[in-house]
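This is what each chain is made of:
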Amino acid sequence: MRTSPRLIAFAGLPGTGKTTVAQALAREIAAVYLRIDTLEQAFISSGSCGAEVGPAGYLAGYAVAKDNLRLGLSVVADSVNALQVTRNAWRQVARDAGVPIAEVALICSDSAMHRARVERRQADIPGHKLPTWQSVLERQYDAWDTEPLVIDTARVSVAQAVATIVRHLPT
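In this text the structure is predicted, and so the values were computed from the model without any measurement. (Residues numbered from 1 in each chain as written. Predicted model: local features only at pLDDT ≥ 70, side-chain atom pairs only at ≥ 80, totals over all residues. Heavy atoms only, no water.)

## A word on the pairing of strand β4 (residues 101–107)
Then comes step 1: Buried residues dominate β4, accounting for five of its seven residues.
Then comes step 2: Pairing of strand β1 (residues 7–11) with β4 involves five bridges; the strand directions are parallel. Bridged to isoleucine 8 within β4 is alanine 102.
Then comes step 3: One ladder, built from four bridges, connects β4 with strand β5 (residues 149–152); its direction is parallel. Among the inter-strand pairings, isoleucine 107 is bridged to a residue of β5, identified as aspartate 152. (Buried < 20%, exposed > 50% of the residue type's maximum accessible area, 1.4 Å probe, protein only. Helix = DSSP H or I, 4+ residues; strand = E, 2+ residues; numbered from the N terminus. Pairing = 2+ DSSP bridges.)

Listed below in structure tokens is the structure:
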């Protein structure tokens, strides 16, 4: 049985498990998986933007998400989504496509575990430069103006996180 399309917009600092959980969720609900890191690295690799892509990756992501939502497909958007402006933009994508949005914020409350995740990560996108623990600590992360579904990946497994998200998805 096919479900109505919806946008699931992830948020969270690097190393909280966004990509792992977002990919598992996309598989579980048969959604389009959209990763901003992949888009940004493609821009960098093309040489068209230099090393700093600015908002280009997010802007491309919004456009691709909107196209797929309008085709009737659900979209899982995987990005740090740390700024109010990006959160508002994802909400606008959902409004423009006429679909509900689920905002999911991943955290890792165990700082030692979080640090280990950041420091042990291997790039899975060719050429992708991963953040350092120090850059994660210094990263701007705006307070939310809504109440996202918050999942603490230090306390639940990937399967538990996915099941929680599925239970909270808008219909």
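## Section: helix α2 (residues 36–46)
Then comes step 1: Where α2 is concerned, the buried positions are Ile36, Glu40 and Gln41. Down the axis of α2, the buried side of the element spans an arc of 130°, and every buried residue falls inside it. Exposed residues pointing more than 90 degrees away from the buried face of α2 are listed as Ser45 and Ser46.
Then comes step 2: For α2, the elements touching its buried residues are β2 (32–35), α3 (56–70), β3 (75–78) and α4 (84–97). (Arc of directions from axis to C-beta. Contact = heavy atoms within 4.5 Å.)

## Here we look at the nonpolar core
Nonpolar side chains tend toward joint burial in soluble globular proteins.
Then comes step 1: Membership of the largest hydrophobic core comes to 19 residues, with the highest contact counts inside it found for Ile8, Phe10, Leu25, Val76 and Ile165.
Then comes step 2: Contributing elements (two or more residues each) for this core: β1, α1 (18–29), β4, β5 and α7 (158–168).
Then comes step 3: Sorting elements by how many residues they give to this core places α1 first, with six residues.
Then comes step 4: When sequence neighbours within four positions are dropped, the list of residues in contact with phenylalanine 10 reads Lys18, Val21, Ala22, Leu25, Val76, Ala77, Asp78, Ser79, Asn81, Val104, Leu106 and Ile165.
Then comes step 5: Listed in part, the 17 residues of the second largest apolar core include Ala9, Tyr62, Ala82 and Val99. (Core = buried A, V, L, I, M, F, W, Y, C linked by side-chain atoms within 4.5 Å.)

## Overview of α3
Because each turn of an α-helix spans 3.6 residues, side chains separated by three or four positions in sequence point in the same direction.
Then comes step 1: With 15 residues, α3 should cover 21 Å at 1.5 Å per step; its first-to-last C-alpha distance of 21 Å lies within 8% of that length.
Then comes step 2: Among the structural elements, β1, β2, α2, β3 and α4 are those in contact with the buried residues of α3.
Then comes step 3: Backbone geometry just after α3 places glycine 72 at a positive phi near 90°. (Expected span 1.5 Å × (residues − 1).)

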